[in-house]
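Spelled out from the first residue to the last, the chains are:
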Amino acid sequence: MLRAEGQHGAYVSSVRAAYGEILAEVATQCFREEPFLTPQANRLSQLVARTFHEKADYPFKKLPTYGVFRNADSNKWYGLVMNIDKALITKEKSDAGQEVEILNLKIKEAKRPKLLAQAGIYPAYHMNRANWVSIMLDERVSDDEILELLTESRAFTNQGGRPLNQPIAWIEPANPKYYDVAAAFAKKREIFWKQNTKVLAGDTVYIYLTAPVKALCYKCLVLEAGIESEEVAPKKLMHLQLVQEYPATFCPFNKLKELGVKAVRGARKTTQELDDYLAHYS
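Residues numbered from 1 in each chain as written. Predicted model: local features only at pLDDT ≥ 70, side-chain atom pairs only at ≥ 80, totals over all residues. Heavy atoms only, no water.

A. The arrangement of the overall build of the protein in detail. Summing up its helical and strand segments, the protein has 8 helices and 11 strands in all. Counting every position in the protein, which comprises 282 residues, the buried fraction comes to 39%. Put simply, of all contacts in the protein between residues at least 6 apart along the chain, 53% involve residues at least 24 apart. With the model as given, the accessible surface of the protein reaches about 16600 Å², and the carbon-plus-sulfur share is 53%. (Helix = DSSP H or I, 4+ residues; strand = E, 2+ residues; numbered from the N terminus. Buried < 20%, exposed > 50% of the residue type's maximum accessible area, 1.4 Å probe, protein only. Contact = heavy atoms within 4.5 Å. Areas by Shrake-Rupley, 256 points an atom, 1.4 Å probe, with all protein chains shown as cover.)

As structure tokens, this is what we get:
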């Protein structure tokens, strides 16, 4: 009666509905979704769901088994599960025809050599090899280690476009004709500044005084960022604390050019050469 499509009526419909509810409850309580091919991929899917409250989605119509882990806040990927021919990743002819499941995730470039020396981790398949790797989900790399790498990969997708707890150094130009920075810091070591960049609390801001000074003169720590204001445009401020003052002869514009900073027309990031130079100042 329940499976007979020709059977109708109030009683049959009510029984069929109750039967469906019981089956749905059994499926929910007694079974666990396993969307991927390998046990390790399915365990990781459960770990991601418990840790970040995010489930894999499947955006490729022609590749329905390819699952993406996506940051719910930024909608950016931090992991991609694929099933491919093993030879595509190992580059060994003897592996041709064997299907394996891999996980692509983003890494810090400095970690790449050490990770690639580890069994089960390969240069990224079908993605940028400079900062992505592929992990073969065959139990050689532990769930805990993969989850740690996934956490780091997810951090790259946070709002702001970079990992949390990874400060960035910026250069902010200031025209002394319009704002006397020296006088402001003489009164108080903390000031508020217009925010024109993706600055986060914990970042460093170097203030560059334009002509006639034309030198990097102040190092500040960002105490707060994204402070709403109705009095300035753009309508955001950052709260700066003076950390160090440099003499105008220490880092004039000519020195900045030597260190890779060709112009300071607006807010910009520092260069590695400049960071190294400033790190040696005491």
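B. Local environment of helix α5 (residues 143-155). Its 13 residues place the ends of α5 18 Å apart at the C-alpha level, agreeing with the 18 Å of an ideal helix rising 1.5 Å per residue. Residues of α5 that are buried include every one of D143, I146, L147, L149, L150, S153, R154 and A155, and no others. Check the buried side of α5 and you find it contacts α2 (39-52), β1 (67-70), β2 (77-85), β3 (99-106), α4 (112-116) and β5 (132-136). (Expected span 1.5 Å × (residues − 1).)

C. Summary view of the sheet that holds β1. Reading across the sheet, the 5 strands line up as β1-β2-β3-β5-β4 and stay open at both edges, with antiparallel pairing between neighbours. Edge positions in the open sheet fall to β1 and β4 (121-123), since each of these has one partner strand only. Going from strand to strand, the sheet's axes swing by 25° on average, the running direction of each strand aside. Relative to β5, β3 runs antiparallel, the two sharing 5 bridges. Paired with I102 across the strands is M136, a residue of β5. Set on the sheet, α5 makes contact with β1, β2, β3 and β5; between it and β3 the angle comes to about 45°. (Pairing = 2+ DSSP bridges. Axes fitted to C-alpha atoms, helices over the stretch in contact; angles between N-to-C directions.)

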